[in-house]
Amino acid sequence: MRLFIDSANLDEIREAHSWGIISGVTTNPSLVAKEGADFHQRVRDICQVVQAPVSAEVTATEAPAMVEQGKRLADLDENVVVKLPITPAGLAACAALTALGIDTNVTLIFTANQALMASLAGARYVSPFVGRLDDIGQDGIQLVQTIRDVFDYSFMPEQRRAEIIAASIRHPVHIERAALAGSDIATCPFSVLKQLFRHPLTDAGIEKFLSDWKQANPQT
Ligand code: E4P
């Protein structure tokens with residue numbers, strides 16, 4: 001499973017990218033609004049840092065306007081992926097943009113049927129929201145597993161199907177479980193990516209190695 005960072009903050013994206021673990025970036029209107037930056041310029045800047053797929057979401061609600069916004073976003077950089085909500089208009093825009101050779105990420109997926117429709121419409125990625133399902137007492141990871149099964153049963157091995165991005169990740173356990181459920185990608189907030197390093201035995205081990213070294217080499 002690959003890891004994307006779910007952020008529109010350039011410092012976070014630069015730092016996570018420097019660790020060599022990031023294969024892409026997802027943003028959404030809330031994340032961009034938090035930054036207070038010009039949207040198109042921020043998408044360009046992110047693309048400069050990662051040179052990998054960067055999802056940028058449309059804010060129009062009608063298909064023709066979504067397609068126009070999507071084309072303008074795709075013109076910003078060859079790595080831009082147009083993010084669209086799973087609505088009839090969003091799927092129509094997905095089909096139209098796919099026909100133009102523009103990659104899409106269909107978002108706000110909460111059922112396997114929504115994911116299947118998005119894949120049939122040509123989406124490059126589908127984004128089931130794991131944490132938001134957990135928040136309402138449902139099992140977000142089970143949805144990822146069900147989408148994996150539906151895709152594997154519905155398409156011949158050689159047929160193109162969307163890649164699954166486990167989104168709305170809240171903690172490290174979501175990441176492990178998304179991988180075991182067969183997700184292609186997990187998109188994670190910077191705070192969760194940093195948590196992945198943490199283990200008390202790692203910290204204790206580093207402390208011991210350094211103190212043993214210092215004892216044997218007091219002059220260094
Ligand atoms: C995914 O693409 C979304 O940007 C994101 O994962 C939503 O996460 P949230 O539920 O924490 O807002």
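Keep in mind the model is a prediction, meaning the values are calculated, not measured.

I would appreciate a short explanation of the sheet that holds strand E4 (residues 80-85) in the present structure.
Within a sheet, adjacent strands bond to each other through the backbone by hydrogen bonds, running parallel or antiparallel. Spatially, E1-E2-E3-E4-E5-E6-E7-E8 is the arrangement adopted by the eight strands of the closed barrel, whose pairing is parallel. For this sheet, the mean angle separating the axes of adjacent strands, direction not counted, is 30 degrees. Against the sheet, helix H8 (residues 140-154) engages strand E5 (104-109), strand E6 (125-128) and strand E7 (163-166), with an angle of about 180 degrees to E7.

Looking at this structure, I do not really get the packing of H8 against helix H9 (residues 172-180). What am I missing?
Two elements in contact, H8 and H9, have axes separated by 9 Å at closest approach and are oriented at 20 degrees. Looking at the two axes, H8 sits roughly parallel to H9. Of the two possible hands of crossing, H8 and H9 adopt the one that is right-handed. Only His174, Arg177, Ala178 and Leu180 of H9 make contact with H8, whose side of the interface consists of Ile141, Val144 and Gln145. A breakdown of the residues in the contact of H8 with H9 according to their chemical character gives four nonpolar, two polar and one charged.

Before we go on, may I ask you to explain the nonpolar core in this structure?
The tendency in soluble globular proteins is for nonpolar side chains to be buried side by side. Counting 60 residues, the largest nonpolar core has Ile5, Leu84, Val106, Val126, Ile147 and Phe151 as its most contacted members. For this core, the leading source of residues is helix H4 (residues 63-76), giving six residues. Sequence-distant contacts of Phe151, that is, excluding residues within four places in its chain, are made with Ala115, Leu116, Ser119, Val126, Arg161, Ala162 and Ile164. In this structure, Phe4, Val81, Tyr125 and Ile185 belong to the second largest nonpolar core, which totals five residues.

Analysis parameters
Residues numbered from 1 in each chain as written. Predicted model: local features only at pLDDT ≥ 70, side-chain atom pairs only at ≥ 80, totals over all residues. Heavy atoms only, no water. Pairing = 2+ DSSP bridges. Helix = DSSP H or I, 4+ residues; strand = E, 2+ residues; numbered from the N terminus. Axes fitted to C-alpha atoms, helices over the stretch in contact; angles between N-to-C directions. Contact = heavy atoms within 4.5 Å. Parallel < 35°, antiparallel > 145°, perpendicular 65-115°, else oblique. Left-handed = near helix turned anticlockwise from the far one by under 90°. Nonpolar A, V, L, I, M, F, W, Y, C, P; charged D, E, K, R; others polar. Core = buried A, V, L, I, M, F, W, Y, C linked by side-chain atoms within 4.5 Å. Buried < 20%, exposed > 50% of the residue type's maximum accessible area, 1.4 Å probe, protein only.

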